[in-house]
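Chains, contacts and geometry: an overview
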Amino acid sequence: MYIYLGGDIAISTKDIIGIFDMDTSTVNKATRDYLSKAEKEKKVVYVNYELPKSFIVCRDKIYVCPLNTATLLKRCK
């Protein structure tokens, strides 16, 4: 099954490791450091440049998405 994130990006549910809320997850410094390192390694993909509400960690990339986690979880079911 695939989840549509917006734009022209759809990802397989088999590749998803985790779906995280941007507001609550980035409070922790370790998460900010992880995202910063991934961005330097060019592993971060911005679905679009609207206000990000969540990020999806996959096997090879991290997708920053304007959809909230509840919407993404509904699309997984």
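The coordinates are above.
So, a few notes on the structure that sits alongside this text. Since we're looking at a predicted model, the values are computed, not measured.

In this structure, Lys-42 is a non-glycine residue whose phi angle is positive, near 60 degrees. Following the sequence through the fold, Lys-42 ends up in the loop between α2 (29-40) and β4 (44-46).

Before going further, it helps to spend a moment on the nonpolar core. Ile-3, Leu-5, Ile-9, Ile-11, Val-47, Ile-56, Cys-58, Tyr-63, Cys-65, Leu-67 and Leu-72 together form the largest nonpolar core, which totals eleven residues. If you list the elements that add at least two residues to this core, you get β1 (2-6), β2 (9-12), β5 (54-58) and β6 (62-65). When near neighbours in sequence (up to four residues on either side) are disregarded, Leu-67 contacts Tyr-4, Leu-5, Lys-53, Ser-54, Leu-72 and Arg-75. The next biggest cluster of nonpolar side chains, apart from the first, holds eight residues, and it includes Ala-38, Val-44, Ile-62 and Val-64.

The residue Ser-25 is located in helix α1 (residues 22-25) in this model. The buried category is assigned to Ser-25, whose relative accessible area is 15%. Not counting residues within four places of it along the chain, the set of residues in contact with Ser-25 comprises Phe-20, Thr-31 and Phe-55.

A regular strand places its side chains so that they alternate between the two faces of the sheet. Within β5, five of the five residues are buried, leaving the element largely enclosed by the surrounding structure. By the alternation rule, side chains of β5 split into Ser-54, Ile-56 and Cys-58 and Phe-55 and Val-57, which are all buried. In this sheet, β5 lies alongside strand β3 (residues 16-21) in antiparallel orientation, the contact comprising five bridges. Paired with Asp-21 across the strands is Ser-54, a residue of β5. Of the pairings in the sheet, the one linking β5 to β6 comprises four bridges and is antiparallel in character. Note on β6: the bridge partner recorded for Val-57 is Ile-62.

Rules and cut-offs
- Residues numbered from 1 in each chain as written.
- Predicted model: local features only at pLDDT ≥ 70, side-chain atom pairs only at ≥ 80, totals over all residues.
- Heavy atoms only, no water.
- Helix = DSSP H or I, 4+ residues; strand = E, 2+ residues; numbered from the N terminus.
- Core = buried A, V, L, I, M, F, W, Y, C linked by side-chain atoms within 4.5 Å.
- Buried < 20%, exposed > 50% of the residue type's maximum accessible area, 1.4 Å probe, protein only.
- Contact = heavy atoms within 4.5 Å.
- Pairing = 2+ DSSP bridges.

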